[in-house]
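Breakdown of the fold
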Amino acid sequence: MNDSYLIKGGKPLKGEVILSGAKNVALKTIIASLMFESDVILKNIPQINDVLDLIELIKSLGVKADFIEKNTLKINSSNLKSNRVNLQYGCKIRVSFMLFAPLLHRFGECFVPNPGGCRIGARPIDRIINGLITLGIKVDYDSETGYYHAKIVNKPKGTYRFEKPSHTGTELLMMIGLMTDEKVEIDNIANEPEIDDLILYLNSAGANITEEKNKITVNKSPLLKQKEAFTIMSDRNELVTYATLAVASGGDIEISPIDESLITSFLEIMVRAGAGVKKISENKFRFYYGNGIKPVNIETSPHPGFMTDWQPSWAILMLKADGSAVIHERVFENRFSYVEELRKIGAKIDFIDTKVENPDLFYHFNFEKGRSYKQIIKIQGMAELHNAILNIADLRAGAALACAALLANGETIVNNASILERGYENFVEKIRKLGGEIKKV
Ligand code: EPU
């Protein structure tokens, strides 16, 4: 299998990008669909590796899931026959732990492997498991097999307050709440718009979920039935990747469809960096190279802040800024896998050690005293990038490396393309449409 990109960089990228559906909504709507009584039709589902792997997983449980058109997925889960997720999927598909919800809904008990650590950090699910237990689910963990065994003794009810918010945690507990005979409240929730899209989907099928600022209430709901096909929102992470790349390359692109409210903090910061940003129509934006790129420091944080998924793309833009910029990662503890790789093509990036007051509150991961963390980098701008061989270690870092190669002089090889393609649909085609020279090798 060809799993590398050969990229000849150095051209300004110009043209138009049509965004695919959001990965982080597609995965959850597919999982939630297994709680539905009816067949389900989901539109705008991107054909990316994460989605294709998840489809393979649910098929292994007996579910029928097929693309009936390019991005239209039909799911029928009436033959869901197994309540055990195969171990091979546990670490391959991180969101597989979200199957707790449909499997408990269908069978009253289930066996789900611990997703384990991943490339962007330890990513424990301790808060999420505590949430399940607090809502009344019995959960045991067998460290020998690596499996959680969860069982419904009484229908879930009550309130769980996340000590620190979790995006997939909020979504999973919300789906668990659908089984309540009374009410489930989830407090100190994550506020990502992808969660709102999942709520929209569930409510459109009869669920009774309400959301206030920091709290979600799931009221007793009837069995879920889809009334009409649901179209998921666009991928705002994809937008950020292409917008930063275009501006860094000295180019000019139009991107749609996107709702402005999904990218407010990104737009503000692009303007501060001196990028040209224009709203062309209700759901279309133009991003273009203006008069140089200014260095802008960022700190990642959950929505509505500057998202952690955007920081590798920000690093790419800052490589071309006329000064140095600092990125402080607060959400995950290992999201700088691209730094070492970027150094290979001539980027000057250093880790900085800065003491933070109350790190336990400041960082969103479980901060361990005495352990050393690398959370801050300083990027020197005006980089002259040259060719090299780069290796992708995680999804967003992968996009950053491919983009850096598109800015570099000469021919660069970027290995492990399939990791990037876990989250980016038609990456090669989209880049080519913008005039970039890229092919799979
Ligand atoms: N955390 C814990 N314990 C828990 C839950 C979370 O320590 O029980 C930690 C995490 O390790 C992390 C922080 O809390 O350090 C926040 O994690 P969160 O649970 O919010 O992230 P997630 O749900 O695992 C989702 C997205 C990520 C995105 C983050 C932030 C999906 C499938 N993943 O992850 O997307 O970066 O929220 O919005 O929705 C990506 O698309 O590349 C990606 C990583």
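Residues numbered from 1 in each chain as written. Predicted model: local features only at pLDDT ≥ 70, side-chain atom pairs only at ≥ 80, totals over all residues. Heavy atoms only, no water.

**Brief notes about the site of the ligand**
Rules: If a single non-hydrogen atom of a residue is within 4 Å of a molecule or strand, that residue counts as near it. Any N or O atom pair separated by 3.5 Å or less is treated as a polar contact, with the protein-specific requirement of one donor-capable and one acceptor-capable atom, and with residues adjacent in sequence counted only for side-chain atom pairs. To be clear on the numbers: accessible area is Shrake-Rupley with a 1.4 Å probe, and residue cover counts the displayed protein chains and nothing else. By definition, any uninterrupted DSSP run of H or I lasting at least four residues is a helix, any uninterrupted run of E lasting at least two residues is a strand, and each is numbered from the N terminus. Ten residue types, Ala, Val, Leu, Ile, Met, Phe, Trp, Tyr, Cys and Pro, are classed as nonpolar, four, Asp, Glu, Lys and Arg, as charged, and the remainder, Gly among them, as polar.
Around the ligand sit 26 residues, and of these Asp126, Ser166, His167, Thr168 and Val331 come closest. At a separation of 2.9 Å, an oxygen atom of the ligand approaches a polar side-chain atom of Lys23. Take Thr168: an N or O atom from its side chain is 2.4 Å from an oxygen atom of the ligand. Protein contact buries 94% of the 840 Å² of open area that the ligand shows by itself. Counting residues per element, the ones that place at least two in the shell around the ligand are helix 1 (23-33), helix 5 (126-134), helix 6 (167-177) and helix 13 (395-407). Split by residue class, the shell around the ligand holds 10 nonpolar, seven polar and nine charged.

**Focus on helix 2 (residues 49-60)**
Basically, it comes down to this: How far a helix is expected to stretch is found by multiplying one less than its residue total by 1.5 Å. The buried label goes to any residue with under 20% of its type's maximum accessible area, the exposed label to any with over 50%, and the partly exposed label to all in between, with areas taken from a 1.4 Å probe on protein chains only. Every residue pair with non-hydrogen atoms within 4.5 Å of one another is taken to be in contact.
Between its first and last C-alpha, helix 2 extends 16 Å over 12 residues, near the 16 Å set by a 1.5 Å rise per residue. Within helix 2, burial applies to Asp50, Val51, Asp53, Leu54, Ile55, Leu57 and Ile58. Buried residues along helix 2 sit against helix 1, strand 4 (64-69), strand 5 (72-76) and helix 3 (87-92). Remark: Gly62 follows helix 2 within two positions and exhibits a positive phi of approximately 105 degrees.

**Focus on the packing of aromatic side chains**
Describing an aromatic ring pair means giving the distance of the ring centres and the angle of the ring planes. Just so we agree on the cut-off: What counts as a ring pair is set by centres within 6.5 Å for rings of Phe, Tyr and Trp (its six-membered ring), and what kind of pair is set by the plane angle: stacked under 30 degrees, edge-to-face over 60, tilted for all other angles. By the criterion adopted, a ring carries a charge over it if an Arg CZ or a Lys NZ lies within 6 Å of its centre and within 35 degrees of its normal.
Summed over all chains, the structure comprises 20 aromatic pairs. The interplanar angle of 70 degrees and the centroid separation of 5.6 Å between the aromatic rings of Phe306 and Trp314 together place this pair among those described as edge-to-face. Neither Phe306 nor Trp314 differs from the other in exposure class; each is buried. These aromatic residues form a ring-pair network of at least three members: Phe266, Phe285, Phe287, Phe306, Trp310 and Trp314. A cation sits over an aromatic face here: Arg84 above Tyr147, 4.8 Å from the ring centre.

**Side note on the sheet that holds strand 2 (residues 14-18)**
We apply this condition: Note: two strands are recorded as paired if DSSP finds a minimum of 2 bridges between them. The axes are straight lines fitted to the C-alpha atoms, using for helices just the contacting stretch, and the angles between their N-to-C directions are given from 0 to 180°.
The sheet built from four strands is open, its strands ordered 2-14-16-15 with mixed pairing. Strands at the two margins of the open sheet, each flanked by one partner only, are strand 2 and strand 15 (276-281). Averaged over all neighbouring strand pairs, the angle between strand axes comes to 20 degrees, with direction disregarded. Relative to strand 14 (residues 252-256), strand 2 runs parallel, the two being bridged by five bridges. Residue pairing in the sheet places Lys14 in a bridge with Asp252 of strand 14. Helix 8 (residues 236-248) contacts strand 2, strand 14 and strand 16 (284-288) of the sheet and is inclined by roughly 170 degrees relative to strand 14. This element, helix 9 (residues 264-272), spans strand 15 and strand 16 of the sheet and lies at about 25 degrees to strand 16.

**Here we look at unusual backbone geometry**
With an omega dihedral of -10 degrees, the bond running from Ser256 to Pro257 counts as a cis peptide bond. Of note, the amide linkage connecting His303 to Pro304 takes the cis form, showing an omega dihedral of 10 degrees. With respect to the helices, strands and loops of the structure, Pro304 is situated in the loop between strand 17 (298-299) and helix 10 (311-318). One non-glycine residue, Asn44, lies in the positive phi region at around 70 degrees. By the secondary structure assignment, Asn44 is in the loop between strand 3 (40-43) and helix 2. By relative accessible area, which is 23% here, Asn44 ends up partly exposed. At Asn416, a position not held by glycine, the phi torsion is positive, near 70 degrees. Tracing the backbone shows Asn416 in the loop between strand 22 (411-415) and helix 14 (417-420). Judged by its relative accessible area of 29%, Asn416 falls in the partly exposed class.

**Overview of the packing of helix 8 against helix 10**
The cut-off we apply is this: By definition in this entry, angles of less than 35 degrees are roughly parallel, angles greater than 145 are roughly antiparallel, angles of 65 to 115 are roughly perpendicular, and the rest are oblique.
Relative to each other, helix 8 and helix 10 sit at 5 degrees, their axes nearing to 9 Å. Relative to helix 10, the element helix 8 is oriented roughly parallel. Taking contact as the criterion, the partners of Val240, Thr241, Thr244, Val247 and Ala248 in helix 8 are, on helix 10, Ser313, Trp314, Ile316 and Leu317. Here the contact of helix 8 with helix 10 is built from residues that sort into six nonpolar, three polar and no charged.

**Here we look at the side chain of Asn24**
Position of Asn24 among the secondary structure elements: in helix 1. Apart from the residues lying within four places of it in its own chain, the contact partners of Asn24 are Glu171, Glu194 and Asn237.

**Some details on helix 6**
What sets the pattern is the α-helix's 3.6 residues per turn: residues three or four places apart point alike. Within helix 6, 11 of the 11 residues are buried, leaving the element largely enclosed by the surrounding structure. When we look at burial in helix 6, the residues that qualify are His167, Thr168, Gly169, Thr170, Glu171, Leu172, Leu173, Met174, Met175, Ile176 and Gly177. N-capping of helix 6 is provided by Ser166, with a side-chain oxygen placed 3.0 Å from the backbone N of Gly169.

**Here we look at the sheet that holds strand 12 (residues 215-219)**
One open sheet holds the four strands; their spatial order is 9-10-12-11, and the pairing between them is mixed. Each of the sheet's edge strands pairs with one partner strand only, and the pair in question is strand 9 (158-161) and strand 11 (208-212). The average undirected angle you get between the axes of adjacent strands in this sheet is 15 degrees. As paired elements, strand 10 (residues 183-187) and strand 12 share five bridges and run antiparallel to each other. Its bridge partner being in strand 12, Val184 is matched across the sheet by Val218. Across the sheet, helix 7 (residues 193-204) is in contact with strand 11 and strand 12; its angle to strand 11 comes to roughly 150 degrees.

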